[in-house]
Amino acid sequence: TTLFRSDDVMDVYQRMAKDPNVDTNRVFLYGASAETGRISQLLLEKPELWRGVITFSPSGLPNLPDTTHVSGMLVVVGKDEGNAVTQRWIKYQDEATRNGIQMDLVFQNGAQHISRSIGTELERAENFSKFLSEN
């Protein structure tokens, strides 16, 4: 699997920003698993461009005091990843709340870090759609 590069994301952003039908005030960064490290980098480099963050099975997320400009975060984690992972994300959500960041944290039953079931993918799509419609 090839991870995206920050330059690639910025190239796509610049192209889309030229389209008058694209609302550049509603751009979210999206990533899964190891890609979330790149999201952290982009949030730090260009904080004014991103409205929020959407991640599935993240391996990590940015330092929260550095992201107080984002309006919302969606983090979807497999519940079968274990109690330590669950507790880590609950703690992160609590910290996000203390920093004034709305974070939707979803634990998917029967899902691990990498899950390929139709049910898991459907639930992720529903979470994704709901989050975007509310943000």
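Refer to the structure above for everything that follows.
This is a predicted model, so every value here is computed, not measured.

Engineer: Sorry if this is basic, but what is going on with the overall build of the protein chain here?
Structural biologist: Each helix and strand counted, the protein chain has 4 helices and 4 strands in total. Listing every helix and strand of the protein chain by position from the N terminus yields α-β-α-β-β-α-β-α. Taken over the C-alpha trace, the protein chain has a radius of gyration of 15 Å; the compact-globule value for 135 residues is 14 Å, and the two agree within 12%. Taken over 135 residues, the protein chain has a buried fraction of 40%. If you take every contact in the protein chain between residues at least 6 apart in sequence, the share linking residues at least 24 apart comes to 62%. Here the protein chain has roughly 7700 Å² of accessible surface; of this, 48% comes from carbon and sulfur atoms. Side chains of the protein chain give 14 positive and 18 negative charges; the mean places of these two sets differ by 1 Å.

Engineer: Please explain the pattern of salt bridges as it appears in this structure.
Structural biologist: Under the defined criterion, the tally for this structure stands at 1 salt bridge. With a closest N to O distance of 3.5 Å, Glu-134 and Lys-130 form a salt bridge. Within this pair, Glu-134 and its partner Lys-130 are both found in helix H4 (residues 118-134), separated by 4 residues, close to a single helical turn. For Lys-130, a relative accessible area of 49% translates into the label partly exposed.

Engineer: Just to check I follow, could you spell out the nonpolar core for this structure?
Structural biologist: Taken as a class, soluble globular proteins show a tendency for nonpolar side chains to be buried jointly. Among the nonpolar cores identified, the biggest contains 24 residues, and Trp-50, Met-73, Trp-89 and Met-103 are the most heavily contacted of them. Every element with two or more residues in this core is listed here: helix H1 (6-17), helix H2 (36-45), strand S3 (72-78), helix H3 (83-98) and strand S4 (102-108). If you tally residues by element for this core, the top one is H3, at 4 residues. Setting aside chain neighbours within four positions, we find Trp-50 in contact with Val-9, Met-10, Tyr-13, Val-27, Leu-29, Leu-42, Leu-43, His-69 and Val-70. Listed in part, the 7 residues of the second largest apolar core include Ile-54, Phe-56, Leu-74 and Val-106.

Engineer: Quick question: what am I supposed to make of the sheet that holds strand S1 (residues 28-32) here?
Structural biologist: Read from one edge to the other, the open sheet built from 4 strands follows the order S1-S2-S3-S4, with strand pairing classed as parallel. The open sheet is flanked by S1 and S4, the only strands paired with a single partner. In this sheet, neighbouring strand axes are inclined to one another by 10° on average, regardless of whether the strands run parallel or antiparallel. Bridging between strand S2 (residues 52-56) and S3 involves 5 bridges; their strand directions are parallel. Residue pairing in the sheet places Ile-54 in a bridge with Leu-74 of S3.

Engineer: What exactly am I supposed to notice about H3 here?
Structural biologist: Helical geometry: 3.6 residues make up each α-helical turn, so side chains three or four residues apart lie on a common side. Here H3 contains 16 residues, and its C-alpha end-to-end distance of 23 Å stays within 8% of the 22 Å for a straight helix at 1.5 Å per residue. Those residues of H3 that sit buried are Val-85, Thr-86, Trp-89, Tyr-92 and Ala-96. Taken around the axis of H3, the buried residues stretch over an arc of 125°, which confines them to a single face. Residues of H3 that are exposed and point more than 90 degrees away from the buried face comprise Asn-83, Ala-84, Lys-91, Thr-97 and Arg-98.

What counts and what doesn't
- Residues numbered from 1 in each chain as written.
- Predicted model: local features only at pLDDT ≥ 70, side-chain atom pairs only at ≥ 80, totals over all residues.
- Heavy atoms only, no water.
- Helix = DSSP H or I, 4+ residues; strand = E, 2+ residues; numbered from the N terminus.
- Rg over C-alpha atoms; globule rule 2.2 N^0.38 Å.
- Buried < 20%, exposed > 50% of the residue type's maximum accessible area, 1.4 Å probe, protein only.
- Contact = heavy atoms within 4.5 Å.
- Areas by Shrake-Rupley, 256 points an atom, 1.4 Å probe, with all protein chains shown as cover.
- Lys, Arg positive; Asp, Glu negative; His and termini not counted.
- Charge placed at Lys NZ, Arg CZ, Asp CG, Glu CD.
- Salt bridge = Lys/Arg side-chain N within 4 Å of Asp/Glu carboxyl O.
- Core = buried A, V, L, I, M, F, W, Y, C linked by side-chain atoms within 4.5 Å.
- Pairing = 2+ DSSP bridges.
- Axes fitted to C-alpha atoms, helices over the stretch in contact; angles between N-to-C directions.
- Expected span 1.5 Å × (residues − 1).
- Arc of directions from axis to C-beta.

Treat this as a map of the structure, not an account of what it does.
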